[in-house]
Amino acid sequence: QAYRILYRSTGLNGEPIAVSGVAIIPPGEAQGPRPIVAWAHPTTGVVPHCAPSLAIFVFQQMQGLRQLVENGAVVVATDYPGLGTQGPHPYLVGVSEGRSVLDSVRAVQSLPGAGGGNSFAVWGHSQGGQAALYTGILAKSYAPELNLVGVAAAAPATSLVTLMGDDFKSSGGKNLTAMTLWSWSRVFGAPIDMVVLPEAIPTVDTLVNECIESIFDILERRRTEKPLEQAFLSVPNIANVEPWRSLPAPNTPGTRPPRIPPFRAQGTHDT
């Protein structure tokens, strides 16, 4: 059985918020508590209609879903705040992602057939890799009743200043930078016109309304992004301009609790 879910989580200012997602329950009657895997998705966009739960190929986007369900695991996939629900989406904001993952596990426990287990692992890719790391960091303090048995992160977004700087020469890097600046300007009130040229703002606004579901979307975004190759940032380095300089540090994962085993994967050909 698969469900679209809407559940309660906590916003950046401690306020209650609604977060959407998807839950998949294996067939058959649960013979005791089932293990839970929380899937943390990679970048799909920063506006509400880019939620993975609204995508045509929602299940195909959950890497390893078939194998997990065949092995008896309940899978729950949060959209993160501001995707599928009222925006803006706090893109690459680790605390926001981690809380929404942990609350998705709480939510799925009460679904019919889920088995009500409290042991779970978190598995995420790219933005979801960052979400998985923050889930590990926050689990004991935010959801002490849950038993996190492991963290798996593929190509996680970690040191954001270095990441954006190293990636900026590529089309994909400009895409991610544009989404980050747009999101953080709305979430944290950082003035985007301090770092982005006026003539680039319309392209940024167009980019953030396009979603990423397939390779075709990535190709389309490359076409949209083309003007940014001529004019984009008004400063040589975003990390030298406040408040932009201070924002990445709280969203760069620190030390994990030693009791939780990690798995990290990175493509060796990924520049």
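See the structure printed just above.
Throughout what follows, the structure given in this document is the object of discussion. Here the structure is a predicted model, which is why all the values come from computation and not from measurement. (Residues numbered from 1 in each chain as written. Predicted model: local features only at pLDDT ≥ 70, side-chain atom pairs only at ≥ 80, totals over all residues. Heavy atoms only, no water.)

Things to note about the sheet that holds strand 3 (residues 36–40)
Alright, step 1. Pairing in this open sheet of seven strands is mixed, and the strands run 1-2-4-3-5-6-7 from one edge to the other. Either end of the sheet is taken by a strand with one partner, and the two such strands are strand 1 (2–10) and strand 7 (262–265). Strand-to-strand twist in this sheet, taken as the mean axis angle between neighbours without regard to direction, amounts to 25°.
Alright, step 2. Sheet strands touched by helix 2 (residues 94–108): strand 1, strand 2 (16–24), strand 3, strand 4 (74–78) and strand 5 (119–125). Its angle to strand 1, the strand with the most contacts, is close to 125°.
Alright, step 3. Relative to strand 6 (residues 147–154), helix 3 (residues 127–142) is tilted by about 160°, and along the sheet it contacts strand 1, strand 3, strand 5 and strand 6. (Pairing = 2+ DSSP bridges. Helix = DSSP H or I, 4+ residues; strand = E, 2+ residues; numbered from the N terminus. Axes fitted to C-alpha atoms, helices over the stretch in contact; angles between N-to-C directions. Contact = heavy atoms within 4.5 Å.)

Quick notes on the pairing of strand 4
Alright, step 1. Burial analysis of strand 4 places five of its five residues in the buried class, which makes it a mostly covered element.
Alright, step 2. Where burial is concerned, the two faces of strand 4 agree: the one with V74, V76 and T78 and the one with V75 and A77 are both buried.
Alright, step 3. Where strand 2 lies against strand 4, four bridges are found, and the strand directions are antiparallel. Pairing of A23 across the sheet is with V76, part of strand 4.
Alright, step 4. Sheet analysis places strand 3 next to strand 4, joined by five bridges and oriented parallel. What sits directly across from W39, in strand 4, is A77.
Alright, step 5. Where the polypeptide runs from strand 3 across helix 1 (residues 65–70) and back to strand 4, its parallel neighbour, the crossover connection is right-handed. (Buried < 20%, exposed > 50% of the residue type's maximum accessible area, 1.4 Å probe, protein only. Right-handed = clockwise from strand over helix to strand, strands pointing away.)

Some words on unusual backbone geometry
Alright, step 1. In the segment running from G87 into P88, the intervening peptide bond is cis, with an omega of 5°.
Alright, step 2. By secondary structure assignment, the location of P88 is in the loop between strand 4 and helix 2.
Alright, step 3. The linkage connecting E242 with the following residue, P243, adopts the cis geometry, with an omega of 0°.
Alright, step 4. With respect to the helices and strands, the residue P243 is situated in the loop between helix 7 (215–225) and strand 7.
Alright, step 5. The backbone of L92 shows a phi angle near 60°, a positive value even though the residue is not glycine.
Alright, step 6. For L92, a relative accessible area of 8% puts it in the buried group.
Alright, step 7. Of note, the phi angle at A155 is positive, near 45°, even though the residue is not glycine.

Some remarks on the pattern of salt bridges
Alright, step 1. One pass over the structure, following the stated rule, counts five salt bridges.
Alright, step 2. R245 is the partner of E242 in a salt bridge, and the nearest nitrogen-oxygen pair spans 3.3 Å.
Alright, step 3. Judged by its relative accessible area of 47%, R245 is partly exposed.
Alright, step 4. A cluster of three or more residues bridged by salt bridges with shared partners is formed by D103, R106 and E145. (Salt bridge = Lys/Arg side-chain N within 4 Å of Asp/Glu carboxyl O.)

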